[in-house]
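Each chain, letter by letter, is given below.
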Amino acid sequence: MHELGVVFYVVKDVKNVAEENKVEKVNSVTLQIGEVSGIIHEYLIDCWNWARKKEPVMEEAEMFIEQIDAVTFCEDCKKEYGTVEHGKTCPHCGSEHTYLVRGNEFLIKEIEVV
């Protein structure tokens, strides 16, 4: 379960931002997670709910997740399509000369403080 390791990095980054800005309490953290990032949202939230209690500045902070849909680009027909629905093969022309444009990101989008 790599979600716990990911949460440790998020907690560390949020704690550092809070300290740099002299914030006493973090209310929430919003993450943007790619659809094909391999992160299981439920596991991430469970890990967050455990880890946040270890840091006084964020012990009551909620985590919100926004999904970034996975999109693939076809180099042959120059069209984009949904990666999860069609995989590597372009549904428009059948080409496999494709690459992922977005959908594997993991970003801290917002930190809400008191």
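Trainee: It is not clear to me how the nonpolar core should be interpreted in this structure. Could you clarify?
Mentor: Buried together is how nonpolar side chains tend to be arranged in soluble globular proteins. Within the largest apolar cluster, 20 residues are counted, with the highest numbers of intra-cluster contacts made by Val26, Leu44, Trp48 and Met58. Residue assignment for this core shows that the elements contributing at least two residues are helix H1 (3–20), strand S1 (26–34) and helix H2 (41–51). Element by element, the count of residues in this core is highest for H1, at 6 residues. Excluding anything up to four places from it in sequence, Val26 contacts Val14, Ala18, Val57, Met58, Ala61, Ile111, Glu112 and Val113.

Trainee: Honestly, the environment of Glu35 in this entry has me stumped. Any pointers?
Mentor: Among the structural elements, Glu35 can be located in the loop between S1 and H2. Apart from residues no more than four positions distant in its own chain, Glu35 is found in contact with Gln67, Ile68, Asp69, Ala70, Val84 and Gly103.

Trainee: Help me out: how do you make sense of the sheet that holds strand S5 (residues 98–102) in this one?
Mentor: With antiparallel pairing, 3 strands are arranged side by side in an open sheet as S4-S3-S5. Pairing within the sheet leaves two strands with one partner each, and these edge strands are strand S4 (80–82) and S5. Sheet twist, expressed as the average angle between the axes of neighbouring strands with direction ignored, equals 40°. The pairing of strand S3 (residues 71–74) with S4 spans 3 bridges and is classified as antiparallel. The partner of Thr72 across the bridge, within S4, is Tyr81.

Trainee: Is there a simple way to think about the sheet that holds strand S6 (residues 106–113) in this case?
Mentor: Whenever strands of a sheet pair, they do so through backbone hydrogen bonds, lying parallel or antiparallel. If you trace the 3 strands from one edge of the open sheet to the other, you get S2-S1-S6, paired in mixed fashion. Every other strand in the sheet has two partners, leaving strand S2 (62–68) and S6 as the edge strands with one partner each. Each neighbouring strand pair of the sheet contributes to a mean axis angle of 20°, computed without reference to strand direction. Across 7 bridges, S1 lies against S2 in parallel orientation. Paired with Ile33 across the two strands is Gln67, which belongs to S2. The sheet strands contacting H1 are S1 and S6, and the helix crosses S6 at an angle near 45°. The sheet contacts of H2 involve S1, S2 and S6, and relative to S2 the element is tilted by about 160°.

Rules used throughout
Residues numbered from 1 in each chain as written. Predicted model: local features only at pLDDT ≥ 70, side-chain atom pairs only at ≥ 80, totals over all residues. Heavy atoms only, no water. Core = buried A, V, L, I, M, F, W, Y, C linked by side-chain atoms within 4.5 Å. Buried < 20%, exposed > 50% of the residue type's maximum accessible area, 1.4 Å probe, protein only. Helix = DSSP H or I, 4+ residues; strand = E, 2+ residues; numbered from the N terminus. Contact = heavy atoms within 4.5 Å. Pairing = 2+ DSSP bridges. Axes fitted to C-alpha atoms, helices over the stretch in contact; angles between N-to-C directions.

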